[in-house]
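Structure assessment
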Protein chains: 2
Amino acid sequence: MTPDRCFSLLLALRSRPDTTVAALAEDTGVSERTVMRDLRWLQDAGFPVLARRGRYGGVSMLPGAALDTSRLTPPEREHLALTGLDEDQRRRLGVEAVSDRARRKVAGARSGDGLLAVGDLVVSDNRPWFGRDPGGVSPAALIGDLRRGVRLKVHYERTGRPPQWRTVDPYGLLAKGGRWYLVADEAGTPRLLNLLKIDRWEPLRTARRLRPDVRLADVAAELTSGWETAGDLEVHLRIQAYQVERAQRILGSRLTLGEPEPDGTTPGVLRCRVLEDVRQILAFADSATVTGPPEARDHLKALAQRIVDHYR
Amino acid sequence: MTPDRCFSLLLALRSRPDTTVAALAEDTGVSERTVMRDLRWLQDAGFPVLARRGRYGGVSMLPGAALDTSRLTPPEREHLALTGLDEDQRRRLGVEAVSDRARRKVAGARSGDGLLAVGDLVVSDNRPWFGRDPGGVSPAALIGDLRRGVRLKVHYERTGRPPQWRTVDPYGLLAKGGRWYLVADEAGTPRLLNLLKIDRWEPLRTARRLRPDVRLADVAAELTSGWETAGDLEVHLRIQAYQVERAQRILGSRLTLGEPEPDGTTPGVLRCRVLEDVRQILAFADSATVTGPPEARDHLKALAQRIVDHYR
DNA sequence: AGAGAACCTGACAGATCCCGTCAGGTTTCG
DNA sequence: CGAAACCTGACGGGATCTGTCAGGTTCTCT
């Protein structure tokens, strides 16, 4: 890893909501293996880089990440500042934690700083979310305390009520449908807390207490299993730039928008209670295009065909 | 240069208002030569690092600098992003500027991106200023446009008047007595503009037009030569932490404070019109110590001796 | 269930470049 | 003038970085 490529990668990750190792290799002119090594380095250093394997997988920086190393936790700073120092130098500095590189020299082990890996604290399907800061608490800001594995106090606003402090044991974050949620147990009961409704939080000194043998993915699945059953359908679409503002007005908060793309369209996700709700998109004629799921495309096409037939 | 030492240096520079190459070498565990190479790299990459040669010299980050590479100018980003790319890769990216490293490979030359060096745009005596953000526009924010060598429009508040836009041709920045000034010509007339009184500025597309054979150091000297003659004396002192607030109240805006030090004192600079003004410091007895200039120390001692004699 | 798209890891040889040392230079202040 | 500070080039040795290769795991869609 060279410093210039380090910054280059950070800039690339920050400027795009999602990318792949292949694309980063293309941009930086090195092999994919090298990019993967670099990404590993960034993750070990504490940058909130998330990699997702599998179809539609890729690499991204958690939303809200600033290239500001002052956000790093003390062990992370030590990781940066102290790698390369020998035992004597570290003793003189009075630092007990062994840097990752020193440890690797001895045993080739991963970082032993007691922090949880970002990849273990975020669950999402590989459907792209959008890099633009969705408002509220940012995932990148929260991930620091999640990595420490501590209990949190969260200032949360339930719908229709004033915000209240709630103490939770977090499993991690869930990204779904363009939204971020904190997945946690509250007095042993699993909860999803929308980051939009968290205006601030505090870490407690107590370690988080999780139910035995229960993982983030399990809890997230358990809490979202009813979503499709409740008819919560996410329709993915692309909107021409000149119609975006109108779409926001008409579709309101059910529409979540991504970053404008070079081809002049803006991707978005429309939350529908039933399939029939896609009829609202008809108002945009061909300036909005449904891209998924297939049944939404088919239904929209069928509705349009009925209109055509009606005027024969 | 390794990435971890790169961040380590940035953090060290940011956390201390002033340091030396020797101290940085001690901290990072490498030789002074290596630290100097690293600092050169950081400067070439666009970080607002300033090195001052000579007695009381040292290295510092311009006040207000954030470790945010998005502040870098486009050529600076290219410098980071494109070093290591071969000609074909750069051609595919459509980038004309040759990266520093590619150029070094060919001819060992310095960066040819057309930007002025930070060291050529800042003049100060080596008396330490203080790293704490002094308020107003920050030097680190302004230095980016100064490096491009363009004319500026500055929103400036002259004493007793509402702020007005003024068009200036900048030579650079002056640090003196804990304050930062923009040194510029305004319609051919040299001016010092206190950064505290600039609330915003805009770069213009026009290149700056400077008087032939006139340099930053010349203009700064010309504009400040009357300061001592006008009796503007800067008295350096150290104040015990528990008296700092009282000192601020009594001495007001003539007192400029630095960062508290580990020994429990806070350094400061008191602007006096005449030497006799140091008498105000008597109020602090031994909880404030004058460190310079020598005549200020002598005079304060003499004043104290008179008081002692008076009570015999 | 299988295919394809995506990340992940270890090993190895070769190339690159980084580092420390050394020598000598310039600048600033008391 | 001396000391404290940064600056630069050259060189040899060693560290580490990179690309290649092989094989693995995960996720989604058909």
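Structure first, text after, so check above.
So, here's what we can say about the structure. (Residues numbered from 1 in each chain as written. Chains lettered and ligands numbered in written order. Predicted model: local features only at pLDDT ≥ 70, side-chain atom pairs only at ≥ 80, totals over all residues. Heavy atoms only, no water.)

1. Quick look at the overall build of chain A
Counting its secondary structure elements, chain A contains 10 helices and 12 strands. Looking at chain A as a whole, 46% of its 312 residues are labelled buried. In chain A, 63% of the contacts between residues at least 6 apart in sequence involve partners at least 24 apart. Total accessible area on chain A is roughly 16,000 Å²; 49% of this is exposed by carbon and sulfur atoms. (Helix = DSSP H or I, 4+ residues; strand = E, 2+ residues; numbered from the N terminus. Buried < 20%, exposed > 50% of the residue type's maximum accessible area, 1.4 Å probe, protein only. Contact = heavy atoms within 4.5 Å. Areas by Shrake-Rupley, 256 points an atom, 1.4 Å probe, with all protein chains shown as cover.)

2. A few points about the sheet that holds strand β11 (residues 265-272) of chain B
What holds strands together in a sheet is hydrogen bonding between their backbones, with the strands either parallel or antiparallel. Residues and elements named next belong to chain B. With antiparallel pairing, the four strands of this open sheet are ordered in space as β10-β11-β9-β12. Because the sheet does not close on itself, it has two edges, and the strands there are β10 (255-257) and β12 (288-292). Along the sheet, successive strands turn relative to each other by an average axial angle of 30°, direction set aside. (Pairing = 2+ DSSP bridges. Axes fitted to C-alpha atoms, helices over the stretch in contact; angles between N-to-C directions.)

3. Section: the packing of aromatic side chains
For the structure shown, the criterion picks out five aromatic pairs over all chains. Between the aromatic rings of F7 of chain A and F47 of chain B, the centroid separation amounts to 5.6 Å while the plane-to-plane angle is 50°, which identifies the pairing as tilted. Placement of the pair is F7 of chain A in helix α1 (residues 3-15) and F47 of chain B in the loop between α3 (32-44) and β1 (49-52), with the two residues belonging to separate chains. Side by side, F7 of chain A and F47 of chain B carry an identical accessibility label, which is buried. Through a chain of ring-to-ring contacts, three or more aromatic side chains come together here, namely F7, W41 and F47 of chain A together with F7, W41 and F47 of chain B. The ring of W165 of chain A carries K153 of chain A above its face, with NZ or CZ at 5.1 Å from the centroid. (Phe/Tyr/Trp six-rings, centres within 6.5 Å; stacked < 30°, edge-to-face > 60°. Lys NZ or Arg CZ within 6 Å of the ring centre and 35° of its normal.)

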